[in-house]
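Structure at a glance
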Amino acid sequence: MMWLDSDGFPTRAWDRDPIAFAINNDLVLFAAAYHKQDAGKFGGEEAQRRIFNSFNTTLCDAYERDGTPHVISVTSPDKCFFKKLFNFHGYFHVTNLHFYRSDMVDRFSRNWIGDCFLCREYDDQAALTAPTLVLAPERAWTMTMHNFSLGVFHNSILDGKKAGGFIKLWNSGNNGITIPFEEARGNCQIKAGN
């Protein structure tokens, strides 16, 4: 499944296919990037307890390392109940639904959500990240690690550069950045995107 948030915009035709890449490499998650800022963290005692109740382990650390194609994950059955970790970016990713619909991940999802239906605290990014880091970190790759520069605009950032509002960028460019997506110009009416 390919997920693109409703406030994410492709800005050019893609020269590489992220879905084919994920399938050919048997990935469970091919995410735009892995958060590296405190704003992208999840965890703490209650979240780790929900992870432990699902997998009999806690998540201690996860990081990207040059020369390794996947995210490195460190788990422990009893040492990391208070640890917080970064999320995979949730705005754009390709996921393997066979993995996310498996019995183990389904059990995790039920433990993760609990009685907090539609609560943002136990959100989609952490629900995407936790089972992947516990069960299949070697099958979790990021587009940034594999030089996939697809030109997806999200939250005023395009390919890692501050780009300003999308409508202005789409219409005339901003900060020296323009969108060369002639195939869409005049065919796609942009009505949102600040």
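Look above for the structure.
So, here's what we can say about the structure. All chains use their own residue numbering, which begins from 1 and follows the written sequence. Since the coordinates come from a predicted model, pLDDT governs what is reported: local features require at least 70, and pairs of side-chain atoms require 80 or more to be given and counted, while whole-chain, interface and lining totals use all residues. Excluded from the side-chain calculation are hydrogens and water; included are all heavy atoms of the structure.

Quick notes on the overall build of the protein chain
The helix count covers DSSP runs of H or I at least four residues long, the strand count covers runs of E at least two residues long, and both are numbered beginning at the N terminus. Per the secondary structure count, the protein chain includes 6 helices and 12 strands. Buried positions account for 47% of the 194 residues belonging to the protein chain. When checking whether two residues touch, look at their non-hydrogen atoms; a contact exists if any pair is within 4.5 Å. If you take every contact in the protein chain between residues at least 6 apart in sequence, the share linking residues at least 24 apart comes to 72%. About 10,700 Å² of surface is accessible on the protein chain, with carbon and sulfur atoms providing 50% of the total. The buried label applies to any residue whose accessible area, calculated with a 1.4 Å probe on protein chains only, is under 20% of its type's maximum; exposed applies above 50%, and partly exposed to all values in between. Per-residue accessibility takes into account occlusion by the displayed protein chains alone, with areas from the Shrake-Rupley method and a 1.4 Å probe.

Remarks on the side chain of Arg 50
Summarising the element assignment, Arg 50 is placed in helix α2 (residues 45-55). Each polar contact in these results corresponds to two N or O atoms within 3.5 Å; when the atoms are within protein, one needs to be able to donate a hydrogen and the other to accept it, and residues that are neighboring in sequence are counted only if both atoms are side-chain atoms. Here the side chain of Arg 50 touches Trp 112 through a polar contact of 2.6 Å, landing on its backbone oxygen. Arg 50 has contacts with Asn 111, Trp 112, Ile 113, Gly 114 and Tyr 122, leaving out every residue within four places of it along the chain.

Details of the packing of helix α4 (residues 103-113) against helix α5 (residues 124-135)
The angle between two axes is taken between their N-to-C directions and runs from 0 to 180 degrees, where each axis is a line fitted to C-alpha atoms and a helix contributes only its stretch in contact. Where α4 contacts α5, the two axes come as close as 10 Å, and the packing angle between them is 135 degrees. By the angle between their directions, the pair α4 and α5 is classed as oblique. For the crossing formed where α4 meets α5, the hand is right-handed. Residues Met 104, Val 105, Phe 108 and Trp 112 of α4 form the contact with α5, whose own contacting residues are Ala 126, Ala 127, Ala 130, Pro 131 and Leu 135. Of the residues assigned to the contact of α4 with α5, the class counts are 9 nonpolar, no polar and no charged. For this classification, under 35 degrees means roughly parallel, over 145 means roughly antiparallel, 65 to 115 means roughly perpendicular, and everything else is oblique. By convention the crossing between two helices is left-handed if the near helix lies anticlockwise of the far one by an angle smaller than a right angle, and right-handed if it lies clockwise. Side-chain classes are defined by residue name, with Ala, Val, Leu, Ile, Met, Phe, Trp, Tyr, Cys and Pro counting as nonpolar, Asp, Glu, Lys and Arg as charged, and the others, Gly among them, as polar.

Everything listed here is a matter of coordinates, which is why it stays silent on function.
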